[in-house]
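Chain by chain, the residues run as shown.
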Amino acid sequence: MKAKAIPKVTSSIRDLINEMFELMREEEGAGLAAPQVGESLRLFITEARPDEEIPERVFINPVLSKLDGDLIPYDEGCLSLPEIRGLIRRPTSVAIDALDLQGNAFHLESDAFPARVWQHEFDHLEGLLIIDRMTPIDRLRNRKAVKLLEREAGL
Ligand code: ZN
């Protein structure tokens, strides 16, 4: 399911963002998208990376562009899919436009780890999970964990 755009950055959106930061830190994630906490909204957050001088960030109504570079496989996990990991191929570089916590537009580009996280979190807004992007072999490798999750979800 595709998440819905956020028409205005209200105090309830800011409350949701605070809760998301708490949860992301409890789970030690690199990022977290609103659909992962049951809110079908176009919003995700990413954790700070002090070693690379990258601050924590909020992306509201993000749009990706300039997806470029080689498709590089990288071992990804997801807070929504514990026990499941797989090599996901994504372009190395990407640009992103979004609104920040104050509702101001900003533009960023990356050809490093943030490019990977932005694409992963953006997928959540489009209703895509890493199992949808895995190679058939990795999907097979994870089939027990996937079955268990499906059973828990009552599928
Ligand atoms: Zn995820």
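Up top is the structure these notes are about.
One structure accompanies this document, and this report is about it. (Residues numbered from 1 in each chain as written. Predicted model: local features only at pLDDT ≥ 70, side-chain atom pairs only at ≥ 80, totals over all residues. Heavy atoms only, no water.)

### Structural notes on the nonpolar core
Alright, step 1. Core analysis: the largest hydrophobic core is formed by 15 residues, its most contacted members being Ile17, Met20, Leu43, Ile45, Val58 and Ile60.
Alright, step 2. Among the secondary structure elements, those contributing two or more residues to this core are helix 1 (11–26), strand 2 (43–46) and strand 3 (57–76).
Alright, step 3. Considering every element that reaches this core, the biggest residue donor is helix 1, with six residues.
Alright, step 4. Excluding anything up to four places from it in sequence, Val58 contacts Ile17, Phe21, Leu43, Phe44, Ile45, Leu99, Asp100, Leu101 and Phe106. (Core = buried A, V, L, I, M, F, W, Y, C linked by side-chain atoms within 4.5 Å. Buried < 20%, exposed > 50% of the residue type's maximum accessible area, 1.4 Å probe, protein only. Helix = DSSP H or I, 4+ residues; strand = E, 2+ residues; numbered from the N terminus. Contact = heavy atoms within 4.5 Å.)

### Quick look at the side chain of Asn142
Alright, step 1. Following the sequence through the fold, Asn142 ends up in the loop between helix 4 (136–141) and helix 5 (143–152).
Alright, step 2. A relative accessible area of 7% means that Asn142 is categorised as buried.
Alright, step 3. If sequence neighbours within four positions are ignored, Asn142 has contacts with Glu83, Ile84, Arg85 and Met134.

### A short note on the coordination of the zinc ion
Alright, step 1. Surrounding the zinc ion are the protein donor atoms Cys78 (SG), His120 (NE2) and His124 (NE2), which sit 2.1 to 2.2 Å from the metal.
Alright, step 2. Counting the intervening residues between successive donors of the zinc ion yields the motif C-x41-H-x3-H. Of this pair, Cys78 sits in the loop between strand 3 and strand 4 (86–99) while His124 sits in helix 2 (residues 113–125), and the two are 46 residues apart along the sequence.
Alright, step 3. Here His124 falls in the buried class, since its relative accessible area comes to 6%. (Donors = N, O, S within 2.8 Å, 3.2 Å for Na, K, Ca; no water.)

### Observations regarding the packing of aromatic side chains
Alright, step 1. Throughout the structure, instances matching the rule amount to four aromatic pairs.
Alright, step 2. Summarising the aromatic geometry, the rings of Tyr74 and Phe113 are spaced 6.3 Å apart at their centres and angled 65° between planes, so their arrangement reads as edge-to-face. Taken together, the residues Tyr74 in strand 3 and Phe113 in helix 2 connect sequence positions 39 residues apart.
Alright, step 3. Three or more aromatic residues link up through ring pairs in this structure, and these residues are Phe44, Phe59, Phe106 and Trp118. (Phe/Tyr/Trp six-rings, centres within 6.5 Å; stacked < 30°, edge-to-face > 60°.)

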